[in-house]
Amino acid sequence: MARKNQTLGEFIIENQSAFPYSSGELSRLINSIRLAAKVVNHEVNKAGLVDITGAYGETNIQGEDQQKLDVYANNKFIQTLTNREIVCGIASEENDEFITIEGCNKDHKNKYVVLMDPLDGSSNIDVNVSVGTIFSVYRRITPIGTPVKKEDFLQPGNQQVAAGYIIYGTSTMLVYTTGHGVNGFTLNPALGSWYLSHPDMYFPEDGKIYSINEGNYVHFPQGVKDYIKYCQEEKDDRPYTSRYIGSMVSDIHRNMIKGGIFMYPSISQAPNGKLRLLYECNPIAFITEQAGGKASDGFKRIMDIQPTELHERTPFFCGSKNMVEKAEEFMRKGKN
Ligand code: P6P
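Residues numbered from 1 in each chain as written. Predicted model: local features only at pLDDT ≥ 70, side-chain atom pairs only at ≥ 80, totals over all residues. Heavy atoms only, no water.

## Observations regarding the nonpolar core
Within soluble globular proteins, side chains that are nonpolar tend to cluster in buried spots.
Okay, so step 1: If you look at the biggest cluster of nonpolar residues, it comprises 48 residues, and the most contacted ones within it are Tyr165, Tyr227 and Phe316.
Okay, so step 2: Contributing elements (two or more residues each) for this core: strand E7 (162–168), strand E8 (172–177), helix H5 (222–232), helix H6 (248–258), strand E13 (261–264), helix H7 (277–290), strand E15 (316–319) and helix H8 (321–335).
Okay, so step 3: Beyond its immediate sequence surroundings of up to four residues, Phe316 is in contact with Met248, Phe262, Met263, Tyr264, Leu275, Cys281, Ile284, Ala285, Ala295, Ser296 and Ile302.
Okay, so step 4: If you look at the next biggest cluster of nonpolar residues, it comprises 40 residues, including Leu29, Ile30, Ile33 and Val161. (Core = buried A, V, L, I, M, F, W, Y, C linked by side-chain atoms within 4.5 Å. Buried < 20%, exposed > 50% of the residue type's maximum accessible area, 1.4 Å probe, protein only. Helix = DSSP H or I, 4+ residues; strand = E, 2+ residues; numbered from the N terminus. Contact = heavy atoms within 4.5 Å.)

Spelled out as structure tokens, the structure:
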């Protein structure tokens, strides 16, 4: 049982004992993520002071300018996950292909794969807006040896064993699930310890916040346009409030605490939307559902989508269950 203010270490140990048959490797994986998060947090927090912000001069597979902190965060998480003989492969937004970790050839070792967006919302770094890390964990399917993309990485989100995000905001938080609810830990930077500040997080079934980049309005599907008008109508508990940070982890985190819906639908110039299925939408969907919310592509459950590509994108509707279901209603009507 989560006890407010216990440390992440105590929480992991207590939860580990609750699952005596597990080998403790997943706990060690979460431990390595919390270590890397502390290191990345230190750099993110001083980004304005040293020459570490600004474009790295390279572009990633998405054709986006790589920010120096993107590369730093990517390297730190990969390095930390590599050193513990738990993970056999890592896929990252910043790497065209997945990375194989040594040790995959030992029997029953390195049985997990991790997919991550090491620094989501990085275009906000130079303007001091909060950014985040998103991670997703699966058991490997192939028994031994080098992991295989199709079997081990292109698994549907309903096979995740853990997922989480770190939000580098006014305070730094690690929010994660292993399939038994969602818990949020806040970093005390003075002590370098994470404390359980948000036990058993729960997505309110209703909310009054809608988050979407309305600059794309003319390119939205009709159902999205109709839902936005519904949100703005003066009737019942509406109009809702529009809040959009442009950093998904921040928008989702706020909506999970206050209630709300986040949408990144398909737009004419991006028919599958902008957000990536494997290392952005699936982990956020796992957390959202574990907290009682809902996540779909406007029509079907995100975590039931069978991936075909490592960096594939999907339209994303995520948040308070009743709000997502109302938006889906408009999407179905908009198709007719
Ligand atoms: P737009 C950040 O680049 C990101 O991937 C998400 O964190 C964020 O929600 C979205 O893109 C913002 O995209 O097109 O509204 O600027």
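Let's pick the thread back up.
## As for the packing of helix H2 (residues 25–45) against helix H3 (residues 68–82)
Okay, so step 1: Two elements in contact, H2 and H3, have axes whose closest approach is 9 Å; the angle formed by their N-to-C orientations is 155°. Classified by the angle their axes make, H2 and H3 are roughly antiparallel. Of the two elements, H2 crosses H3, and the hand of that crossing is right-handed. On H3, the residues that touch Leu29, Ser32, Ile33, Leu35, Ala36, Ala37, Val39, Val40, Glu43 and Val44 of H2 are Leu69, Tyr72, Ala73, Lys76, Phe77, Thr80 and Leu81. (Axes fitted to C-alpha atoms, helices over the stretch in contact; angles between N-to-C directions. Parallel < 35°, antiparallel > 145°, perpendicular 65-115°, else oblique. Left-handed = near helix turned anticlockwise from the far one by under 90°.)

## Brief notes about the site of the ligand
Okay, so step 1: Near the ligand, the surroundings consist of 13 residues, among which Asp120, Asn213, Tyr244, Met248 and Tyr264 are the closest.
Okay, so step 2: Within the side chain of Asp120, a nitrogen or oxygen atom sits 2.6 Å from an oxygen atom of the ligand.
Okay, so step 3: Here Asn213 contributes a side-chain N or O atom positioned 2.9 Å from an oxygen atom of the ligand.
Okay, so step 4: A total of 400 Å² of accessible area belongs to the ligand in isolation, and the protein chains cover 83% of it. (Near = heavy atom within 4 Å. Polar contact = N/O pair within 3.5 Å; in protein donor to acceptor, adjacent residues only side chain to side chain. Areas by Shrake-Rupley, 256 points an atom, 1.4 Å probe, with all protein chains shown as cover.)

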